[in-house]
Amino acid sequence: MKYSLTDGALPSLRTPCLVVSRKTGERVARALGQRDIFSRATQDFKDKAEETLCVHLSGALARLLIVGGADERKNADEFRKMAAAAAQALLKLPIKAAVVALETRVNGKRTDWKLRTIMHALSQHAYRYERHKSKPAAPPSLAGVRLHVDERKAASTAVKLGNALDAGLALTRDLGNEPPNVCNPGYLLREARKLGRHPKVSVSQLDEKKMRELGMGAFLAVSQGSDTPGHMIIVRYNGGKRGEAPVALVGKGITFDTGGISLKPPAAMDEMKFDMCGAAAVLGATKAAIEAGLALNMVTIVAAAENMPSGDATRPGDIVTSSSGKTIEILNTDAEGRLVLCDALTHAQTFKPRTIIDVATLTGACIVALGSHASAVYANDDGLADALLRAGDDSGDKAWRMPLWDEYQSQLRSNFADVANIGGRDAGSVTAACFLSRFVEGTDWAHMDVAGSAFQGGPRKGATGRPVPLLFSYLCRESGSAG
Ligand code: BES
Ligand code: MN
Ligand code: ZN
């Protein structure tokens, strides 16, 4: 979807569809001398949340899409729901372009937030993934939306950010949805390399040989069971001042998680193709940052590997040495995400970042704790945790903070090594975060467990693109762009 701005008097717009509130619609119809048509068409319309109605007019303004409840003041969540209903109705119409002019007042929010929220809703609902259907369903015809504003200047940043988020979200969702025989570690590397076409971006990788030299025994313990080699992918974006410390994003990129020798049960195992959604999210957020030209430096690291059982696979009980020097007793090969991430976190610190944020579909326990509505946030710094929760609030991509207290650390005790890779049944998402915390020293760091939010199962199975909206909102703030 392409977004742009427009201004001027509504009745003089030439567009296949104008999206408005009931009152505004009536005013426009009256100005066009089509009030009778409007009155008749809206006779039975319930002007309330989540109702919409298409009114056909004659002339250069062909339709009005009336959005229920849009004349009333809303809170942020109500406005989001209204934007979603409007987006869904709009996308069903057989038109290529439309103008959105929703003047609804929202508590505590300004125009740029409303515009970003509308664009976000349209991007999410317009997304289709039909790449592997021999007869793909016709995609929505809508290709471009103009946002009507009185003050173009203030809104132009919002539109730039909306277009950037649209591109980042689509990348994240495509990577997540791609089947695991296509999206393997090499595929993630090739997709990351595409970001390197931008002049301010460079992409490199550590192959398994290099990782062995660096002593990344934890990553390699996961990757060694697979015939498809793993990669530590590094994307650097220099949008900020030379020498300014970067924000580091780290993503779990397990392109398929069988559990390894601690094999998973077969039910819904196909969903473990989504175990690279953390990687997809950090790449999507990076793409959005690049497209928006955000003024900051970033280093994005993807730990890409496949967790397979084989004659070379790691056994429960194996002890490996991570690149930090810490030894790990691998008691369960299905707790593989933390193994690839600990070496990625160690590597991230070599870039002297100001902040590290890792994103991972790390634990089933996170889904038990929070379900799918919120991503879990863990942080060793309150300011960083608050900033991420605020970004989640701003973008509607909700997150909730979880504890990283020392009390939980003892669950990771090992009789034979420095740390065990599992912490027992209780507080599984917390102990996974505690494991990661041992590999970060002296840097502000946050971990996001997105096992519940990054994809959906069941009849609507698919990648959601989360937490790209949250990350992008955070990055916009960090770079000083309104967002
Ligand atoms: N990728 C899974 C976590 C997961 C499960 C994500 C379901 C999304 C949906 C992870 O690698 C895993 O297997 N975790 C184990 C950890 C356990 C062995 C300590 C889990 O959650 O069962
Ligand atoms: Mn696993
Ligand atoms: Zn996993």
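Novice: Whenever I open this one, the overall build of the chain confuses me. Can you help?
Specialist: Summing up its helical and strand segments, the chain has 14 helices and 19 strands in all. In terms of overall dimensions, the chain is globule-like: its C-alpha atoms have a radius of gyration of 24 Å, near the 23 Å expected for 483 residues. Along the three orthogonal principal directions, the C-alpha set of the chain runs to about 85 × 50 × 40 Å. Relative to its 483 residues, the chain shows a buried fraction of 58%. Partitioning the intrachain contacts of the chain with sequence separation of at least 6 by distance along the chain shows that 76% fall at a separation of at least 24. Summing over all exposed atoms, the chain offers an accessible surface of approximately 20,200 Å²; the carbon and sulfur share of this is 49%. Side-chain charges in the chain split into 61 positive and 52 negative, and the spacing between the mean points of these groups amounts to 8 Å.

Novice: Can you walk me through the coordination of the zinc ion (ligand 3) in this structure?
Specialist: Any two of four tetrahedral donors ideally make an angle of 109.5 degrees at the metal, while pairs among six octahedral donors ideally make 90 or 180 degrees. In the first shell of the zinc ion (ligand 3), the protein supplies K252 (NZ), D257 (OD), D275 (OD) and E336 (OE), at 2.0 to 2.4 Å from the metal. For the zinc ion (ligand 3), the 6 donor atoms in the first shell make angles of 79 to 176° at the metal, so the coordination geometry reads as octahedral. Sequence spacing among the residues donating to the zinc ion (ligand 3) works out to K-x4-D-x17-D-x60-E. Between the zinc ion (ligand 3) and the manganese ion (ligand 2), a spacing of 3.1 Å is present, and a bridge between the two is formed by D257. Here K252, found in strand β9 (residues 247-257), pairs with D275, found in the loop between β9 and α9 (277-292); they are 23 residues apart in sequence, far enough to count as distant.

Novice: Even after reading the chapter, I still don't get the sheet that holds strand β15 (residues 399-401), so can you show me in this structure?
Specialist: Pairing between the strands of a sheet comes from backbone hydrogen bonds, and it takes one of two forms, parallel or antiparallel. Strand order in the open sheet made by the 8 strands is β7-β8-β10-β9-β13-β17-β14-β15, with mixed pairing throughout. The open sheet has two edge strands, β7 (201-206) and β15, and neither has a second partner. Taking each pair of neighbouring strands and ignoring which way they run, the sheet shows an average axis angle of 20°. Here strand β14 (residues 375-379) runs beside β15; their pairing, made up of 3 bridges, is parallel. What sits directly across from S375, in β15, is A399. Against the sheet, helix α6 (residues 185-195) touches β7, β8 (231-238), β9 and β10 (297-307), its axis set at about 10° to β8.

Novice: How should I be thinking about the side chain of E336 in this particular structure?
Specialist: As for its placement among the helices and strands, E336 is situated in the loop between β12 (327-330) and α10 (337-349). Taking relative accessible area as the criterion, E336 reaches 1% and is therefore assigned buried.

Novice: Quick question: what am I supposed to make of the pattern of salt bridges here?
Specialist: Side chains that differ in charge, positive against negative, can pair when their charged atoms come close. The full count for this structure, using the stated rule, is 24 salt bridges. Where D112 meets R116, a salt bridge forms, and the shortest distance between an N and an O atom there is 3.8 Å. Here D112 and its partner R116 are both found in helix α4 (residues 111-126), 4 residues apart, which amounts to about one turn of the helix. Of the two residues, D112 and R116, both sit in the buried class. Where D397 meets R466, a salt bridge forms, and the shortest distance between an N and an O atom there is 2.7 Å. Taken together, the residues D397 in the loop between α12 (382-395) and β15 and R466 in the loop between β19 (462-463) and α14 (468-479) connect sequence positions 69 residues apart. For the pair formed by D397 and R466, the shared burial category is buried. Through salt bridges that share partners, R110, D112, R116 and D394 make up one connected network.

Novice: Quick question: what am I supposed to make of the coordination of the manganese ion (ligand 2) here?
Specialist: Those protein atoms acting as donors to the manganese ion (ligand 2) are D257 (OD), D334 (O), D334 (OD) and E336 (OE), and they sit at 2.1 to 2.2 Å. Viewed at the metal, the 6 donor atoms of the manganese ion (ligand 2) are separated by angles of 71 to 168°, and the geometry they form is irregular. If you list the donors of the manganese ion (ligand 2) from N- to C-terminus, the spacing comes out as D-x76-D-x1-E. Note on D257: relative accessible area 2%, which makes it buried. Judged by its relative accessible area of 22%, D334 falls in the partly exposed class.

Novice: Explain the sheet that holds strand β5 (residues 97-100) to me, please; I cannot follow it from the model alone.
Specialist: Strands sit in the order β1-β6-β5-β2-β4-β3 across an open sheet of 6 strands; the sheet is mixed. Each edge of the open sheet carries a strand with a single partner, namely β1 (2-6) and β3 (52-56). Sheet twist, expressed as the average angle between the axes of neighbouring strands with direction ignored, equals 25°. Pairing between strand β2 (residues 18-20) and β5: 2 bridges, direction parallel. Bridge pairing in β5 links V19 to V100. Packed onto the sheet, α4 meets β1, β5 and β6 (144-148) and runs at close to 160° relative to β6.

Novice: Explain the environment of A432 to me, please; I cannot follow it from the model alone.
Specialist: Looking at where A432 falls in the secondary structure, it is placed in helix α13 (residues 428-437). A relative accessible area of 0% means that A432 is categorised as buried. Between the alpha carbons of A432 and G217 there is a distance of 18 Å; along the sequence they are 215 residues apart. Every residue in contact with A432, bar those within four places of it in the chain, is listed here: R338, L362 and T363.

Novice: What is the right way to read the nonpolar core from this model?
Specialist: A general trend in soluble globular proteins is that nonpolar side chains are found buried together. Within the largest apolar cluster, 59 residues are counted, with the highest numbers of intra-cluster contacts made by L188, L249, L294, F472, Y474 and L475. Here this core gets 11 residues from one element, more than from any other, and that element is α9. When residues no more than four places from it in sequence are discounted, the contact partners of Y474 are V247, T355, I357, L384, A387, L388 and A391.

Quick notes on the rules
Residues numbered from 1 in each chain as written. Chains lettered and ligands numbered in written order. Predicted model: local features only at pLDDT ≥ 70, side-chain atom pairs only at ≥ 80, totals over all residues. Heavy atoms only, no water. Helix = DSSP H or I, 4+ residues; strand = E, 2+ residues; numbered from the N terminus. Rg over C-alpha atoms; globule rule 2.2 N^0.38 Å. Buried < 20%, exposed > 50% of the residue type's maximum accessible area, 1.4 Å probe, protein only. Contact = heavy atoms within 4.5 Å. Areas by Shrake-Rupley, 256 points an atom, 1.4 Å probe, with all protein chains shown as cover. Lys, Arg positive; Asp, Glu negative; His and termini not counted. Charge placed at Lys NZ, Arg CZ, Asp CG, Glu CD. Donors = N, O, S within 2.8 Å, 3.2 Å for Na, K, Ca; no water. Tetrahedral: all angles 85-135°; square planar, octahedral: opposite > 155°, others 65-115°. Pairing = 2+ DSSP bridges. Axes fitted to C-alpha atoms, helices over the stretch in contact; angles between N-to-C directions. Salt bridge = Lys/Arg side-chain N within 4 Å of Asp/Glu carboxyl O. Core = buried A, V, L, I, M, F, W, Y, C linked by side-chain atoms within 4.5 Å.

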